[in-house]
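Results of the structural survey
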Amino acid sequence: MDRIDSLLTFVNDSLDEKDRITYATSLDALKKKFENANSSTSLDNYSVECLSLFNKAEIGLPQELYKGSSLDDVNAYINDLARDFKQFMCNALKNRDVNLSSTANDTWKNSLQYLIGAIAAQAGLNNFLIVIFSCSIIQYCIANNIDNLCRDDNNMTLS
Amino acid sequence: MEPFKFHEVYSYEQESEKLIKYITNCSQKSPAFSITLKYLQTYSFILEDNYVDKDYLVDYSNFYARCHHPYDRFCIRIHFFTKHNTFSFSEELLHHIFTNNLTEEKRSQINDIYLGFIVLRPSKGIIKTIGCTCLRHYDEDVERNRIYSATRNYYVNLYGIPLVIKSMAFQEQDQTVAMCSSIALWSAFSVTGRKYQHLIPSPSDVTKLAISESSYSRNFPNEGLTAEQIAVAISKVGLSPLLIRPKDDRNLKALIYAYLKAGIPIVCGLHLYDVLIIEDENSNVIREEIDVNSVSFHAVTINGYSFENGLEDIDFKDGIRFYSNRMTKFYVHDDQLCPFTKMEFSKGERKKIGNMLVKELTTSWLASESVLEGQNKKKEKKIAIVSSLIIPLYHKIRISHADIIKETQRISKNLIEKYKLIYGVKVEKTFEWDIFLSEISEFKNEIIQFPYFKNKELILKDSYAKYVWRARAIANNELQFEIVFDATDSKVGGIAKKYIFYNEVIERLFELK
């Protein structure tokens, strides 16, 4: 099984029977996103786009509550969620030797498990949104050969 | 029969339990007041009878005077003092005050140990309602950035001794002429009234103003106000209401910081929920859930914030990091708890309310029913979600926070692109932006305290609008430059702004075409 199929299996396994039917189309769209992960979009946009594919009421994304409200509110909510996940991820990667783009001996699977566990512990959630986010990050990093997203080594030099 | 004699000094240590019971009637306010008075290191207190409280008298004439029940017109006022070294407010000092000439030095010493007062309003029977209360807040702390900015000086007179207390007036709802929302507004008006020179209406007058445009509502008994009715009351005192429904925690922190920094109090609409704690057989907590059906609505007045242990904002696709995102808690006057009570942001973990995953605010509220809900389930506390912010603004503050964010984002993006073009290095970590509203006098007062920098003299001599938005760019923990926007301007044609540079590299970057 290739990497993208494995990642989609991870996502699929985190859904229950009912949600698998609800999100069948979303899963197809996620597969396409995974296949095109090395396109020019930024990581932040990419993670938001992946989360947005699952914008259905049952999982905590706000379609129902914001019915009649602006799309801006829905986008703001998804952005906030993705920003939080990124913050948790960076906390988890701080001072840890986790190479997100390494594919040798399937180490990416260990990185993924580490990420899911670390984010879930901080977010207080065992939600499949965390799995989608983590899978998206891993796929993006491997596709773009980025080993760690949270390093500050390119700080603005001002003097 | 009152539990304390008037005009006698009592030791707080010995009488605290009886006093707290007397003030709060064993409600959820008890622990809150007890903690506050303990933290302030209360040493002694004294009760004054037949105190004429202006706000109560107006409420009395608006409602209570025409009740059949004979409500009293006078209140009781309790003054609190701490102790400095050996100096305290004691029976001996009281005797000295009544029998000797009180020197300036003694007056100043008494003022230094003064912690403020609580007025008790008459109610039915022996139960009293907490009336106008001005208590000193916890110490401000620059290091931890704990600030109580929406406060002012209140001038008190006890036996002819002039006393000053920096606070925000607090009182409890009487559930007849004023509910929590009227009280929250009253507290806010007590600060804006002095700041912007408008009349400070009593709680019953606030309620009347708020529902003056709602022909379908009766004045009293009042059952609470909507956010729109709160905004009407703000308009009626001559200020401009700004009603905002924050999108998320980050947005909420940015708004609280931006307006509070200018000393403007914020009325905050809350949804309160009971937390359901689920335990195993050994009483270990398995998980906590929010009881969606327990929702109730409440209003408080935000008057301070703290950045203690706050974390730096991260870079995200919007390209702007907020300094305000370091905020970890804010302080409110909650009429059901006590003055300057804290509300704490969750560290990011979310809980499910309906279909939403929300970030909660922890409160000191107790659950509506603290009883076991079947085996291994119990309710103990409430959490809060902010639903709206209503900000009373001076009419000349026209440019909104959202406009400034948009403009700052644009400038920041251009600067980063220019940097990449010139230096060939991609900026991975953008500026941290400290964005807030300010009066020009405060702005210049801050500039004058800076050591020499290029253009300091020019800036101090320059003419600015009365209200400005300041967007300060911080990198590597140092202030690099700031953009001063005219808050009184029109958006059409771009908001008028001036740049102040503290770093010459950035200045050169701006100069390059």
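For the structure itself, look to the data block above.
First, a word on what this report is: a plain description of the structure on this page.

What counts as what
Residues numbered from 1 in each chain as written. Chains lettered and ligands numbered in written order. Predicted model: local features only at pLDDT ≥ 70, side-chain atom pairs only at ≥ 80, totals over all residues. Heavy atoms only, no water. Helix = DSSP H or I, 4+ residues; strand = E, 2+ residues; numbered from the N terminus. Rg over C-alpha atoms; globule rule 2.2 N^0.38 Å. Buried < 20%, exposed > 50% of the residue type's maximum accessible area, 1.4 Å probe, protein only. Contact = heavy atoms within 4.5 Å. Core = buried A, V, L, I, M, F, W, Y, C linked by side-chain atoms within 4.5 Å. Polar contact = N/O pair within 3.5 Å; in protein donor to acceptor, adjacent residues only side chain to side chain. 1 Å grid on protein atoms, 1.4 Å probe; cavity = no way out; pocket = protein on both sides within 12 Å on 5 of 7 lines; lining within 4 Å. Points joined across faces, edges and corners; volume = space filled by probe spheres on them. Nonpolar A, V, L, I, M, F, W, Y, C, P; charged D, E, K, R; others polar. Arc of directions from axis to C-beta.

1. Describing the overall build of chain B
Helix and strand counts for chain B stand at 13 helices and 23 strands. Relative to the globule expectation of 24 Å for 513 residues, the C-alpha radius of gyration of chain B, 25 Å, shows essentially globular dimensions. Taken along the three principal axes of its C-alpha coordinates, chain B extends 80 × 65 × 50 Å. In chain B, which comprises 513 residues, the proportion classed as buried is 56%. Counting contacts in chain B only where the partners sit at least 6 residues apart, residues at least 24 apart contribute 66% of the total.

2. Some remarks on the nonpolar core
Ranked by size, the top nonpolar core spans 140 residues in total, and within it B:I78, B:F80, B:F89, B:I110 and B:W469 carry the most contacts. Of all hydrophobic cores here, the second largest spans 60 residues; its members include A:F54, A:I116, A:I138 and B:I277.

3. Quick look at the side chain of B:Q171
All names here are of chain B. Note that Q171 resides in the loop between β9 (161–167) and α6 (180–196). Residue Q171 is classed as buried on the basis of its relative accessible area, which comes to 0%. Side chain to side chain, Q171 and R121 meet in a polar contact 2.6 Å long.

4. Considering empty space enclosed by the protein
A complete count under the given rule lists one cavity of 30 Å³ or more for this structure. In this structure, the largest cavity encloses a volume near 40 Å³. Tallied by class, residues from the lining of the largest cavity come to five nonpolar, one polar and two charged.

5. With respect to helix α11 (residues 440–448) of chain B
All names here are of chain B. Regarding α11, the residues found buried are I440, F443 and I447. Relative to the axis of α11, the buried residues are bounded by an arc of 60° and lie together on one face. Looking at the buried side of α11, the elements it contacts are β20 (432–439), α12 (456–461), β21 (467–475), β22 (478–486) and β23 (497–501).

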